[in-house]
Amino acid sequence: MKTYIETYGCQMNEYDSEIIRTVLRDNKYEILDQIDGAEVVLLNTCAIRENAHQKIFHRLNHLRALKKKGSVKVIGVLGCMAQSLRKDLAEFSPVVDVVAGPDSYKRLPSLLNSARETGSKGFDFSLSEWETYSDISPKREVGTNAWIAIMRGCDNFCTFCVVPYTRGRERSRSPESIVSETERVVSEGFRQVTLLGQNVNSYKYEDYDFADLMKMVGDVPGLRRVRFTSPHPKDFPRKLLHLIADHPKLCKQIHMPLQAGSDTVLERMNRTYTKQEFYDLVDDIRDILPGVSLTTDIICGFSGESDKDFEDTVEVVERVRFDSAFIFKYSERKNTIASRKHPDDVPEEKKTERTVRLNDIQRRISLERNEEEIGKTFEVMIEQPSKKNPDEWMGRNDQNKGVVFHAPQYKIGDIVRVKITKAGTNTLIGDLAEGSASPELCRVSYNDQLFQ
Ligand code: 5AD
Ligand code: SF4
């Protein structure tokens, strides 16, 4: 069966799509990289905000037409929207044949086979307390970075967030399975891994915590860089900061979601920290890790957010000076605690106004912070040709900032030294600097595929 998978949403979904591809290939499905010719189309969906939902509904309407024409035989909706589709299924039943939540991917071949052979609908919404897919080794596209999920689910129940309902309870993979997946991706030519979890500092497996895991992964021979996303400010371990400071492979980059700056809003969000505690954490991070880059997520217009509350968020953004931020308008999700207890009462125009204002402030700060890098020299790993000028490379420094430079003698995966000469809001520009290893020495140990 020729199958095409479309992925929406976060990196965890990208990772899951690799798991799904692997499960299906092992069951004799052929995976296509375009929709043309596909008999089975699977949408791996996101439910975090309403616009993510809307995208899928539009897509399903389009697929309905393809199905009528007869080219597409089976349509599946996977991932985070599965739970919310439960109630809307009647409406979508003519177009959707299979629905499978994030913990049901091992059942996909049998659900798809029955849909194909007997036309029966197959739905599996169940959430598991133990499924981590540790026994599946996803086959990735060749590149420099491999994403590795270390845990699934979330038990924090931030009141705005649907993830605890769509992805279920928190569970961690064994450190052995994560280390062996890291060894495997290194042997395939990847030079960097990014450890993924909804809340990585809750990682716990027997006596191992997240810092123990980071050390074990960082010690894998041949690996050059380890990143992670996302931690939670409420219990970020100081021990991890010291480890990052001392371990050359662990990158000085932390994505620390703030969500809001006002204590009353933070409390209503059930974030369990105050503005002052966030400041104290940032001070510790910057004391222990000079030169670290700090990024964040912020929601504008959560229930009851007054002008004064929003000014508190502006104050935090101005004082912390994040390197960059993802800024979202609050989008009420069904079944969340906020949808029951805290009405979505900030008018849409206010949400837009606040989002635009905060984005303007953050863009100014991002540019200023990038300008502070001019004159410094960084180790940069080449990732891909620059989008604007394919004769130049785009790579990333330890802090995960994109750096564009000209060095045709080097290739993807090489780590070189680059001196920054110019800065934009999102990118640094630089020149190859003295002290870079020769191109031959750069790539002694990696996969030939990368350098064809
Ligand atoms: N509305 C808007 N943004 C949200 N996020 C999570 N839930 C919502 C919501 N209901 C944001 C948070 C989170 C990021 C992944 O998405 O900022 O950190
Ligand atoms: Fe959602 Fe909060 Fe869990 Fe993040 S920590 S996934 S925002 S409930």
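Everything that follows concerns the structure shown earlier in this document.
Note that this is a predicted model, so its numbers are computed, not measured.

Cut-off values and rules
Residues numbered from 1 in each chain as written. Chains lettered and ligands numbered in written order. Predicted model: local features only at pLDDT ≥ 70, side-chain atom pairs only at ≥ 80, totals over all residues. Heavy atoms only, no water. Buried < 20%, exposed > 50% of the residue type's maximum accessible area, 1.4 Å probe, protein only. Helix = DSSP H or I, 4+ residues; strand = E, 2+ residues; numbered from the N terminus. Pairing = 2+ DSSP bridges. Axes fitted to C-alpha atoms, helices over the stretch in contact; angles between N-to-C directions. Near = heavy atom within 4 Å. Nonpolar A, V, L, I, M, F, W, Y, C, P; charged D, E, K, R; others polar. Core = buried A, V, L, I, M, F, W, Y, C linked by side-chain atoms within 4.5 Å. Contact = heavy atoms within 4.5 Å.

### Overview of the pairing of strand β4 (residues 74-79)
Step number 1: Taking burial as the measure, the six residues of β4 include six buried ones, the bulk of the element.
Step number 2: The pairing of β4 with strand β5 (residues 98-100) spans three bridges and is parallel. Within the sheet, the bridge partner assigned to Gly76 lies in β5 and is Val98.

### Thoughts on the sheet that holds strand β13 (residues 225-229)
Step number 1: An order of β7-β10-β13 is seen for the three strands of this open sheet, with the pairing classed as parallel. Each end of this open sheet is capped by a strand with a single partner; those strands are β7 (145-149) and β13. Taken pair by pair, the neighbouring strands of this sheet meet at an average axis angle of 25°, ignoring direction.
Step number 2: With five bridges joining them, strand β10 (residues 192-196) and β13 adopt parallel strand pairing.

### Description of the site of ligand 2
Step number 1: For ligand 2, the full set of nearby residues is Cys154, Asn156, Phe157, Cys158, Phe160, Cys161, Val163, Pro164, Gln198, His232 and Arg271.
Step number 2: Split by residue class, the shell around ligand 2 holds seven nonpolar, three polar and one charged.

### Concerning the nonpolar core
Step number 1: Leu195, Phe210, Phe228 and Ile254 are the most contacted members of the largest nonpolar core, which has 66 residues in total.
Step number 2: Filtering out sequence-adjacent residues up to four positions away, Phe228 remains in contact with Thr194, Leu195, Val200, Phe210, Met214, Phe236, Leu240, Ile244, Gln253 and Ile254.
Step number 3: In this structure, Tyr8, Met81, Phe92 and Phe125 belong to the second largest nonpolar core, which totals 25 residues.

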